[in-house]
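Take a look at the letters that make up each chain.
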Amino acid sequence: MSTNPFTLAALATTAVDGLEVVGATEDGSDEHRSLVAARLADGETVQVVLPRSVTALRTAKEHASALSALTLATRSRLPFEVPSVLGTTEAGKSTLFVLTRLGGTTMRLADISPAKPGLAVSVGQAIAAVHELPTSVAADAGLASESAASLRARLLETFDRAAATGSVPTALLHRWETALGDDRLWQFKPTLVHGDLQAPAFRVEGPRVVGLDGWHGLSIGDPARDLAFLLGSSEFGSVDEAFEAHAAARGIGDRQVRQRAMLHAELDIARWLLHGAERDDASIVEDAKGMLAGLVARVDSDQGAAIAPERLETMDLTGVQEYLGGAVVSAPAEQPTEVVENPVARDADAAGADDETGRIDDASAER
């Protein structure tokens, strides 16, 4: 069917009873889906979405299911707006979705910088607010749930597949294997997670997050997954602010969340490599190899980029006394001190490996 904004806006009126559209414009459409901003008679604007590929349709349905799980009571606990599904209608082999449209402007990763003071803190607090929601939100809706052990096993499977390609530098294989084998990284409590958080999901006004979109990955999982995108920034001070704001808002001791976030971010490149290999797409494979080479170079130049926390030697009584300048202590230190190092930023474009293939035949979608 036609993807003209006026055609889709008119179709939206069949999805939502009483919807009175007075204007429409394209709203970031691409080859996989058409997005239209439809202006209503009461001055509000809604978003009309028509998926144009099999994968895009699946994502839109998952997004709608997740938004249904976010009840009014749940949304009241969030410091930002979340879209609502107003209605749907069949459109040939696809489905047209009408949703409320978030305010603010789309955030870029580069916006999290000293040039926009306060935004990094707001981003960290917004992510923490999602993680503080009860896991029953996902459980009651039958959404996916992953334990620390199952997540670790899945990442190990990704590691094995990436290693089998022969395209991952040995230094990175050792780095990832060491992190996956370190039990300390995997002692965390799963939380509700957004699941596919990237900078464009945030809507901002000045230094404040006012909306969050793209909820198709809502599930119970590793909170570090939602923080991984931050590590694509070269503004290390602002990234630190976001992580610190997240930790302060949650008040829960997950000492290795940053290390796991780094591992997630780096394995995203491995997934991109696997995606290219599975599609037999040489351009994607070469792109991933370039990212991996760049990652090796950055890790080699930054000794503070270790994923696994450093394990320091426990001092005996004499060592403790010397460290304290001769002060008398009553007992030797029993626990080693762990130092969490700052990670190196990953390539911001190392994104997910899902393919938007399987185009829906527009010709067959005539109503």
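Provided above is the structure to which this section pertains.
On a predicted model such as this, the values are computed, not experimentally measured, just so you know. (Residues numbered from 1 in each chain as written. Predicted model: local features only at pLDDT ≥ 70, side-chain atom pairs only at ≥ 80, totals over all residues. Heavy atoms only, no water.)

Colleague: Would you take a moment to explain the pairing of strand E8 (residues 202–205) for this structure?
Modeller: The side chains of a regular strand alternate between both faces of the sheet. Looking at chain direction, strand E6 (residues 105–106) and E8 are connected through two bridges and run antiparallel. Bridging from a neighbouring strand, Thr 106 pairs with Arg 203 of E8. Pairing of E8 with strand E9 (residues 208–212), which is carried by four bridges, proceeds in the antiparallel orientation. Bridge pairing in E9 places Glu 205 opposite Arg 208. Here E8 folds back onto E9, and the loop between the two strands holds two residues, one of which, Gly 206, carries a positive phi near 60 degrees. (Pairing = 2+ DSSP bridges. Helix = DSSP H or I, 4+ residues; strand = E, 2+ residues; numbered from the N terminus.)

Colleague: For this particular structure, what's the right way to read the packing of helix H7 (residues 170–181) against helix H10 (residues 257–279)?
Modeller: Packed helix pairs are specified by the crossing angle of their axes together with the interaxial distance, meaning the distance between the axes. Close contact between H7 and H10 brings their axes to 11 Å; oriented N to C, the two are set at 135 degrees. With respect to H10, the element H7 is oriented oblique. Crossing of H7 against H10: the hand is left-handed. Of H10, the residues touching H7 (which contributes Arg 175, Trp 176, Ala 179 and Leu 180) are Met 262, Leu 263, Glu 266, Leu 267 and Ala 270. Across the contact of H7 with H10, the residue classes tally to seven nonpolar, no polar and two charged. (Axes fitted to C-alpha atoms, helices over the stretch in contact; angles between N-to-C directions. Parallel < 35°, antiparallel > 145°, perpendicular 65-115°, else oblique. Left-handed = near helix turned anticlockwise from the far one by under 90°. Contact = heavy atoms within 4.5 Å. Nonpolar A, V, L, I, M, F, W, Y, C, P; charged D, E, K, R; others polar.)

Colleague: How do you make sense of the nonpolar core when you look at a structure like this?
Modeller: Proteins that are soluble and globular tend to have nonpolar side chains buried together. The biggest cluster of nonpolar side chains holds 78 residues, and the ones touching the most others in it are Val 123, Trp 176, Phe 202, Trp 215 and Phe 229. Per-element tally for this core: the top contributor is H10, with nine residues. Apart from residues no more than four positions distant in its own chain, Trp 176 is found in contact with Phe 159, Val 168, Leu 263, Glu 266, Leu 267, Ala 270, Leu 292, Leu 295 and Ile 307. In this structure, Ala 9, Leu 11, Ala 24 and Val 48 belong to the second largest nonpolar core, which totals 17 residues. (Core = buried A, V, L, I, M, F, W, Y, C linked by side-chain atoms within 4.5 Å. Buried < 20%, exposed > 50% of the residue type's maximum accessible area, 1.4 Å probe, protein only.)

Colleague: Explanation requested: helix H9 (residues 236–250) in the structure shown.
Modeller: Along an α-helix, residues three or four apart share an orientation, since each turn contains 3.6 residues. With 15 residues, H9 should reach 21 Å at 1.5 Å per residue; the first-to-last C-alpha distance of 21 Å fits that figure. When H9 is considered as a whole, its buried residues turn out to be Ser 238, Val 239, Asp 240, Ala 242, Phe 243, Ala 245, His 246 and Arg 250. Looking at the buried positions of H9, the neighbouring elements they touch are helix H4 (119–131), strand E7 (191–193), helix H8 (223–227) and H10. Positive phi appears at Gly 251, one or two residues downstream of H9, with a value of about 65 degrees. (Expected span 1.5 Å × (residues − 1).)

Colleague: Can you walk me through the sheet that holds strand E5 (residues 94–100) in this structure?
Modeller: Remark on secondary structure: sheet strands pair via backbone hydrogen bonds, oriented parallel or antiparallel. In space, the five strands of this open sheet follow the order E1-E2-E3-E5-E4, with antiparallel pairing throughout. Of all the strands in the sheet, the pair left with one neighbour each is strand E1 (21–26) and strand E4 (85–91). Strand-to-strand, the axes of this sheet are offset by a mean angle of 25 degrees, without reference to chain direction. Contacts between helix H1 (residues 5–15) and the sheet are confined to E1, strand E2 (33–40), strand E3 (45–51), E4 and E5, with E1 contributing the most and set at about 130 degrees to the helix. Contacting E3, E4 and E5, helix H2 (residues 54–69) crosses the sheet at an angle of about 40 degrees to E5.

Colleague: Explain H10 here, please?
Modeller: Between its first and last C-alpha, H10 extends 33 Å over 23 residues, near the 33 Å set by a 1.5 Å rise per residue. Among the 23 residues of H10, 20 are classified as buried, and the element is accordingly described as predominantly covered. Residue Asp 280 follows H10 closely and has a positive phi angle near 55 degrees.

Colleague: What's the story with the environment of Leu 263 in this structure? I'm lost.
Modeller: You can see Leu 263 is positioned in helix H10. Residue Leu 263 is classed as buried on the basis of its relative accessible area, which comes to 0%. Distance in space between the C-alpha atoms of Leu 263 and Ala 179 is 7.6 Å, their sequence separation being 84 residues. In this view, Leu 263 contacts Leu 155, Trp 176, Ala 179, Leu 180, Trp 186 and Ile 307; residues no more than four positions away in its chain are not counted.

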